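The lines below spell out each chain.
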Amino acid sequence: MKYLSILGSTGSIGRQTLEVVSQFPERFKVLGLGAGKNVSLLKEQILTFKPKWVCMLDKERAEGLKKILPKGIKTEILYGEEGYVELATRPEVSLVVSAMLGISGLKPTLAAIKAEKTVALANKEALVTGGNLIKKAIKREDQLLPVDSEHSAIFQLLSGRRKEEVKHIILTASGGPFWERKVDLSRITPQEAIQHPRWSMGAKISVDSATLMNKGLEVIEAMWLFDLGLERIKILIHPQSLVHSLVEFKDGTIFAHLSQPDMKLPIAFALNYPERLELSLPPLNLWEHNLSFFPPDFERFPCLKLALKAAKIGGSMPVVLNAANEVAVESFLGGKIGFTDIPRLIEAVMQIHKPIKDLDLETIFAIDNWARKETMSLIETGGNNND
Ligand SMILES: NC(=O)c1ccc[n+]([C@@H]2O[C@H](COP(=O)([O-])OP(=O)(O)OC[C@H]3O[C@@H](n4cnc5c(N)ncnc54)[C@H](OP(=O)(O)O)[C@@H]3O)[C@@H](O)[C@H]2O)c1
């Protein structure tokens with residue numbers, strides 16, 4: 001039996017993790033659930049999974065949850081940053097699913113690793129911003145298991161291989177909703193941007209997929225996860241999202257990982273690692289699909305170029321990239337800026353940042369805070385607008 005804390009339980013990954021848990025009650029028991037603002041869904045999850053502890057974003061929501069829970073429910077209700085860290089580190093927990101949004105996942109993920117828990121990591125922003133700290137804290141080879149489908153694919157393809165045999169890893173990208181639709185990107189609405197052609201995901205990662213920032217963040221995530229330099233990571237656009245990634249070995253052989261585009265697969269793989277679970281997904285009939293591949297388009301999707309630049313500079317630059325992106329995407333979703341303002345803002349903030357090499361947690365959050373303020377101020381003063 002694995003004893004789970006699921007951080008981000010009310011989100012897309014969190015809900016799909018709970019679906020896997022429901023299918024295999026003899027293998028997984030939920031002890032902790034961490035939500036953000038969604039009080040009513042967390043209530044439902046408490047009634048279904050009967051966790052020992054839950055955590056909400058703030059005291060007000062925790063109080064609100066207490067009021068709507070039926071009498072007799074013994075679940076302890078925590079709130080805020082310390083609450084998430086509690087859920088990630090309590091002694092009874094053996095596996096933490098890290099699926100909160102953005103940099104909010106960094107502290108609990110790092111705390112879980114330091115407490116020697118196994119972490120199933122969906123929250124790529126934790127590695128993008130605090131990769132150096134997480135890597136330093138890892139004590140076992142199988143302590144950090146990727147949930148991102150591309151990284152799960154590469155993790156599986158590299159299993160039993162020596163790093164020296166690997167020439168490149170190749171991350172596939174669907175290209176998002178605008179790869180094939182040659183529309184004027186400056187006119188894209190939030191509604192259009194979150195309509196991902198293959199995956200059903202949270203709003204932020206859907207916009208990141210549309211700008212291709214998601215792939216850039218994934219390159220940085222892969223650098224930390226697989227300990228590879230930027231020059232050994234390639235990107236390949238593959239609109240059908242059936243090949244989840246590839247590994248090219250030094251003799252020129254390329255191994256590919258294929259499956260249905262369903263996040264329950266990499267989630268279940270990480271939850272039950274090293275054994276595979278029998279998931280009841282429809283078969284992948286390859287004769288029904290035409291697979292196509294394209295090189296990335298850095299001009300039309302400048303976020304990708306910015307992310308690779310941040311990866312190359314390293315140190316604090318990925319923290320700045322991530323913070324500016326989080327603020328810009330939220331502003332875009334809130335209708336304050338246009339789609340093509342997202343890369344403009346990120347580039348402007350990156351340009352004024354002087355990167356720092358040695359990062360501790362305090363410095364990471366200070367830089368994150370600085371970059372957020374700079375991005376906000378550019379938005380408020382209209383400084384992002386090149387027209
Ligand atoms: N969705 C996918 O298919 C997918 C695939 C690969 C990787 N990922 C990664 O997994 C992570 C989660 O993505 P998602 O699509 O599941 O996002 P999502 O649907 O937006 O869910 C995010 C979760 O985090 C919670 N949350 C948001 N802000 C928070 C904060 N400040 N403090 C604490 N909790 C907070 C949300 O709570 P409330 O909803 O209760 O407010 C929700 O439970 C992201 O890092 C994403 O890049 C997602």
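On to the sheet that holds strand 10 (residues 243-249), then. Across the sheet, which stays open at both edges, the four strands sit in the order 9-8-10-11 with mixed pairing between neighbours. The open sheet terminates on both sides in strands that have one partner only, identified here as strand 9 (233-237) and strand 11 (254-258). Looking at each pair of strands side by side, their axes are set apart by 20° on average, direction ignored. Summarising the sheet, strand 8 (residues 166-173) and strand 10 pair through five bridges and their orientation is antiparallel.

So, about the domain arrangement of the chain. By the assigned domains, the chain splits into domain 1 (2-146), domain 2 (151-288) and domain 3 (314-381). Here the C-alpha centroids of domain 1 and domain 2 sit 24 Å apart. Domain 1 puts 29 residues into the contact, and the matching count from domain 2 is 30 residues. When the two sides are added together, the surface that domain 1 and domain 2 hide from each other amounts to roughly 2,600 Å², 69% of it contributed by carbon and sulfur. When the buried area of domain 1 at its contact with domain 2 is split by residue, Lys-124, Val-128 and Pro-146 rank highest and sum to 25% of it. Counting every contact that joins domain 1 to domain 2 gives four salt bridges. The salt bridge involving Glu-19 is made with Lys-264; its shortest N-O contact spans 3.6 Å. Put simply, the parts of the chain that give the side of domain 1 that touches domain 2 at least two residues each are strand 1 (2-7), helix 1 (12-23), strand 5 (95-98), strand 6 (118-121), helix 6 (124-137) and strand 7 (144-146). For the side of domain 1 that touches domain 2, the element with the most residues is helix 1, which contributes eight residues.

What follows concerns the site of the ligand. Around the ligand, a shell composed of 25 residues is seen, among which Thr-10, Ser-12, Lys-37, Asn-38 and Glu-125 lie nearest. Gly-8 is positioned with one of its backbone polar atoms (N or O) 3.3 Å from an oxygen atom of the ligand. Asn-123 is positioned such that a nitrogen or oxygen atom in its side chain is 3.4 Å from an oxygen atom of the ligand. Among the elements of the structure, helix 1 and helix 6 are those that each provide at least two residues to the shell around the ligand. Within the shell around the ligand, the residues separate by chemical class into 11 nonpolar, 10 polar and four charged. Residues lining the shell around the ligand come from more than one domain, with at least three contributed by each of domain 1 (2-146) and domain 2 (151-288).

Quick notes on the rules
- For every chain, the first residue of its written sequence is number 1, and the numbers climb from 1 along that sequence.
- Residues qualify for local features only when their pLDDT is at least 70, as the model is predicted, and side-chain atom pairs are given and counted only at 80 or more; totals for whole chains, interfaces and linings, by contrast, use all residues.
- Only hydrogens and water are set aside when side-chain values are computed; all heavy atoms of the structure are taken into account.
- Note on pairing: two strands pair once DSSP finds at least 2 bridges between them.
- The helix count covers DSSP runs of H or I at least four residues long, the strand count covers runs of E at least two residues long, and both are numbered beginning at the N terminus.
- Here, axes are lines fitted to C-alpha atoms. For helices the fit covers the stretch in contact, and angles between N-to-C directions go from 0 to 180 degrees.
- For the domain bounds, the source is a domain assignment made automatically or taken from a database.
- Between two residues, a contact is recorded if the distance between any of their heavy atoms is within 4.5 Å.
- When two parts are brought into contact, each loses some accessible area as probed by a 1.4 Å sphere; the total of that loss over both is the buried area.
- The term salt bridge refers to a side-chain nitrogen of Lys or Arg lying within 4 Å of a carboxyl oxygen of Asp or Glu.
- What makes a residue near a molecule or strand is one non-hydrogen atom of that residue sitting within 4 Å of it.
- Two N or O atoms count as a polar contact when they lie within 3.5 Å, although within protein this holds only if one can serve as hydrogen donor and the other as acceptor, and sequence-adjacent residues are included solely when both atoms are side-chain atoms.
- Put simply, Ala, Val, Leu, Ile, Met, Phe, Trp, Tyr, Cys and Pro go in the nonpolar bin, Asp, Glu, Lys and Arg in the charged bin, and everything else, Gly too, in the polar bin.

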